[in-house]
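What follows is the residue order along each chain.
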Amino acid sequence: MSDLTAFIAGLPKAELHVHHVGSASPRIVAELAARHPDSKVPADPEALADYFTFTDFAHFIQVYLSVVDLIRDAEDVRLLTYEVARDMARQQVRYAELTVTPFSSTSRGIPDAAFVEAIEHARHSAEKELGVVLRWSFDIPGEAGLPAAEETTRIATDERLRPEGLVSFGLGGPEIGVPRPQFKPYFDRAIASGLRSVPHAGETTGPETVWDALTSLRAERIGHGTSAVQDRRLLEHLAERRVPLEVCPTSNIATRAVADLEEHPVKEMVKAGVLVTINSDDPPMFGTDLNTEYAIAARLLSLDPTGVAALARNAVDASFLDEDGKSRIRSEIDTYLASWQNRP
């Protein structure tokens, strides 16, 4: 293990773009597949590596939804959520805003109240037992259209259902053929209820999708934003307004959104002064984790430990954690860096 890899492994971190079901480890996926033998998902953890090899973004969505289909009751939801937090704790993740798609579960028969109770039970357990603070970003699955948008918004804004840990409202799934402006009424309702806007945009489409997310959905952060580098005016806007980008390098390669890691636009984003955060997206599906993504970013951006620590602070700054929580994690990062630099 190199010194920088070791530094990253121990670095306190926050993560802002990581999907709930997409974070299911091979062990958990295999266990769920064994419990639900009618599924097409392999029950052998080793076979999952081949299953999680994608030909393009559409194929990724197909595979992703087959794993979603393994989450069939509230106990599946609770178990998955807690185990995701356990994997985060191993990587020194102190805080994460987990992208959760209620529609994927409620449309498969899990009652909305039971779903919310399951994720909240796991959230409280994770903070108490693992030291990981979780918050939720409720996500509209774009491929399911406006019925999914209505259901997601209903759960997110109903005072009787809305979980205490919910902080933001997003839009995921395919971008091609799923224009952002049609979701404006739902984002307006979510924002009016106090939620923050964090849609995916510009991953597999051009910069116009990022503009749509900013203007129609009032985005405060952008998921991916890969194509933003194609529009100089957009980059300047993002930098001036301090709109963070949630960058997921390995994910972009796995879904063919970016052809080659060496050509990843993160370098242009940083050069333009955009606030960049590093994230893992759907880590087990892409054969990665947050530590690996930090190592990739450090190589692409030629960062030393001080630079990597600054990248970790970006995620804290861009998060929706309260100021006391942010100060606590920033202090941990600074203390860790100083300790590393003062090694004998």
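Not measured: the values here are computed from a predicted model.

**Section: the sheet that holds strand β1 (residues 13–19)**
Strand order in the open sheet formed by five strands is β1-β2-β3-β4-β5, with parallel pairing between adjacent strands. Of all the strands in the sheet, the pair left with one neighbour each is β1 and β5 (196–197). Bridging between β1 and strand β2 (residues 93–100) involves five bridges; their strand directions are parallel. Each bridged residue has a counterpart across the sheet, and for Val18 the counterpart in β2 is Leu98. Sitting on the sheet, helix α8 (residues 145–157) is in contact with β3 (133–141) and β4 (166–172), with an inclination near 150 degrees to β3.

**Looking at the packing of aromatic side chains**
Under the counting rule described, the total for this entry stands at five aromatic pairs. Summarising the aromatic geometry, the rings of Phe169 and Phe187 are spaced 5.0 Å apart at their centres and angled 80 degrees between planes, so their arrangement reads as edge-to-face. A residue pair is termed long-range when its members are at least 10 positions apart, and Phe169 in strand β4 and Phe187 in helix α9 (residues 184–192) qualify at 18 residues. The buried category is assigned to Phe169, whose relative accessible area is 1%. Ring geometry for Tyr336 and Trp340: centres 6.4 Å apart, planes at 35 degrees, overall tilted.

**With respect to the sheet that holds strand β8 (residues 245–247)**
Strand order in the open sheet made by the four strands is β6-β7-β8-β9, with parallel pairing throughout. The outermost strands of the open sheet, each flanked by one partner alone, are β6 (200–201) and β9 (276–278). Note that β8 and β9 share three bridges and pair parallel. Among the inter-strand pairings, Glu246 is bridged to a residue of β9, identified as Thr277.

**Considering the nonpolar core**
The biggest cluster of nonpolar side chains holds 108 residues, and the ones touching the most others in it are Phe7, Met88, Phe183, Leu214, Ile222 and Tyr294. Ignoring sequence-local partners within four residues, the contact set of Leu214 consists of Ala219, Ile222, Leu234, His237, Leu238 and Val243.

**Focus on the side chain of Asn252**
Considering the arrangement of structural elements, one finds Asn252 in helix α12 (residues 249–254). Polar side-chain contacts of Asn252 include one of 2.7 Å to the side chain of His264.

**What to know about unusual backbone geometry**
Positive phi is not limited to glycine here, since Arg256 has a value of about 70 degrees. Positive phi, normally seen in glycine, also occurs at Ser302, with a value near 55 degrees. Turning to its location among the elements, Ser302 is positioned in the loop between α14 (290–301) and α15 (305–318). Here Ser302 falls in the exposed class, since its relative accessible area comes to 66%.

**Some remarks on the pattern of salt bridges**
Overall, the coordinates contain 24 salt bridges when judged by the stated rule. Notably, a salt bridge pairs Asp188 with Arg218, separated by 2.9 Å at the nearest N-O pair. A residue pair is termed long-range when its members are at least 10 positions apart, and Asp188 in helix α9 and Arg218 in the loop between α10 (207–215) and β7 (222–224) qualify at 30 residues. For the salt bridge of Lys326 with Glu323, the shortest nitrogen-to-oxygen distance reads 3.8 Å. With Lys326 and Glu323 both in helix α16 (residues 323–341), this residue pair falls three residues apart, about one helical turn.

**Description of the pairing of β3**
For β3, the buried fraction is high: nine of the nine residues fall into the buried class. Relative to β4, β3 is paired through six bridges, and the arrangement is parallel. What sits directly across from Asp139, in β4, is Gly170. For the segment spanning β3, α8 and β4, crossover handedness is right-handed.

**Section: helix α2 (residues 26–35)**
Of all the positions in α2, only Ile28, Val29, Ala30, Leu32 and Ala33 are classed as buried. Of the surrounding elements, those touching the buried residues of α2 are α3 (47–51), α4 (57–68) and α5 (74–90).

Procedures and definitions
Residues numbered from 1 in each chain as written. Predicted model: local features only at pLDDT ≥ 70, side-chain atom pairs only at ≥ 80, totals over all residues. Heavy atoms only, no water. Pairing = 2+ DSSP bridges. Helix = DSSP H or I, 4+ residues; strand = E, 2+ residues; numbered from the N terminus. Contact = heavy atoms within 4.5 Å. Axes fitted to C-alpha atoms, helices over the stretch in contact; angles between N-to-C directions. Phe/Tyr/Trp six-rings, centres within 6.5 Å; stacked < 30°, edge-to-face > 60°. Buried < 20%, exposed > 50% of the residue type's maximum accessible area, 1.4 Å probe, protein only. Core = buried A, V, L, I, M, F, W, Y, C linked by side-chain atoms within 4.5 Å. Polar contact = N/O pair within 3.5 Å; in protein donor to acceptor, adjacent residues only side chain to side chain. Salt bridge = Lys/Arg side-chain N within 4 Å of Asp/Glu carboxyl O. Right-handed = clockwise from strand over helix to strand, strands pointing away.

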